[in-house]
Amino acid sequence: MTTPTLYDWAGGHDALRRLIEVFYDRVLEDPVLAPVFAHMSENHREHVAIWLGEVFRGHSRYTDELGGYPAMLGHHLNLGLTEEQRSRWAALIAASADPAGLPDDPEFRSAFVAYIEWGTRIALANSQPGATPPPEAPVPHWGWGEAPPYQP
């Protein structure tokens, strides 16, 4: 029996899209994050779902269609994000998983939250004025870590 990817375990693109819809609806109501995302493009939600899909070892659409890791870095350069914004983003997306119907097993949630913590800290660092992230890098691929899902 092979271990499923986080993407497959989550429910694929449709599940990630539900997550992003719930999440950004909350973001737009949040006093800390709403100003950051007040002018997001109509494609922003879909692009974030595509990003997470590639990170969680699904399709490679973010790389193939949207410019990969360098493009994601470019969206964060010089934003000057704060730790308060980073931690609120992480907390809101984690809190959006239940209403979006993502799996609630501890192994999945642990891997999901681990990526969110890691990814938001990378975004925070790269958003600071004068940050010099590597210009080329692959999209990170996240897995189960030390606790893959229990499969009887």
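Provided above is the structure to which this section pertains.
Residues numbered from 1 in each chain as written. Predicted model: local features only at pLDDT ≥ 70, side-chain atom pairs only at ≥ 80, totals over all residues. Heavy atoms only, no water.

J.: How should I be thinking about the nonpolar core in this particular structure?
T.: Within soluble globular proteins, side chains that are nonpolar tend to cluster in buried spots. Leu19, Trp51, Leu52, Phe56 and Ile93 are the most contacted members of the largest nonpolar core, which has 40 residues in total. Among the secondary structure elements, those contributing two or more residues to this core are α1 (6–10), α2 (12–27), α4 (44–55), α6 (68–76), α7 (83–100) and α8 (106–127). (Core = buried A, V, L, I, M, F, W, Y, C linked by side-chain atoms within 4.5 Å. Buried < 20%, exposed > 50% of the residue type's maximum accessible area, 1.4 Å probe, protein only. Helix = DSSP H or I, 4+ residues; strand = E, 2+ residues; numbered from the N terminus.)

J.: Is there a simple way to think about unusual backbone geometry in this case?
T.: Most peptide bonds adopt trans geometry, and most residues besides glycine take a negative phi value. Despite not being glycine, Arg57 shows a phi value in the positive range, around 75°. Relative to the helices and strands, Arg57 is located in the loop between α4 and α5 (61–66). For Arg57, a relative accessible area of 44% puts it in the partly exposed group. The backbone of Asn78 sits at a positive phi, close to 60°, despite the residue not being glycine. Tracing the backbone shows Asn78 in the loop between α6 and α7.

J.: Looking at this model, I keep getting lost on the pattern of salt bridges. Mind explaining?
T.: Oppositely charged side chains are able to pair whenever their charged atoms sit close together. Summed over all chains, the structure comprises eleven salt bridges. Across the pair Arg17 and Glu46 runs a salt bridge, and its minimum N-O distance is 2.4 Å. Taken together, the residues Arg17 in helix α2 and Glu46 in helix α4 connect sequence positions 29 residues apart. Put simply, Glu117 and Arg121 hold a salt bridge, and the shortest N to O gap is 2.9 Å. Here Glu117 pairs with Arg121, and both are found in helix α8, just four residues apart, close to one helical turn. Note on Glu117: relative accessible area 28%, which makes it partly exposed. When salt bridges with common partners are traced through the structure, they connect Arg17, Glu21, Asp25, Arg45, Glu46, Arg61 and Glu65 into a single cluster. (Salt bridge = Lys/Arg side-chain N within 4 Å of Asp/Glu carboxyl O.)

J.: Would you mind showing me how to read the packing of α2 against α7 here?
T.: Axis angle and axis distance: for two packed helices, these are the angle between their axes and the distance between the axes, and together they describe the pair. Two elements in contact, α2 and α7, have axes whose closest approach is 8 Å; the angle formed by their N-to-C orientations is 130°. Classed by the angle they form, the pair α2 and α7 counts as oblique. Note on packing geometry: the crossing formed by α2 with α7 is right-handed. Here Arg18, Leu19, Ile20, Val22, Phe23, Tyr24, Arg26 and Val27 of α2 come into contact with α7, specifically with Trp89, Leu92, Ile93, Ala95, Ser96, Ala97, Pro99 and Ala100. For the contact of α2 with α7, the residue count by class is 13 nonpolar, one polar and two charged. (Axes fitted to C-alpha atoms, helices over the stretch in contact; angles between N-to-C directions. Parallel < 35°, antiparallel > 145°, perpendicular 65-115°, else oblique. Left-handed = near helix turned anticlockwise from the far one by under 90°. Contact = heavy atoms within 4.5 Å. Nonpolar A, V, L, I, M, F, W, Y, C, P; charged D, E, K, R; others polar.)

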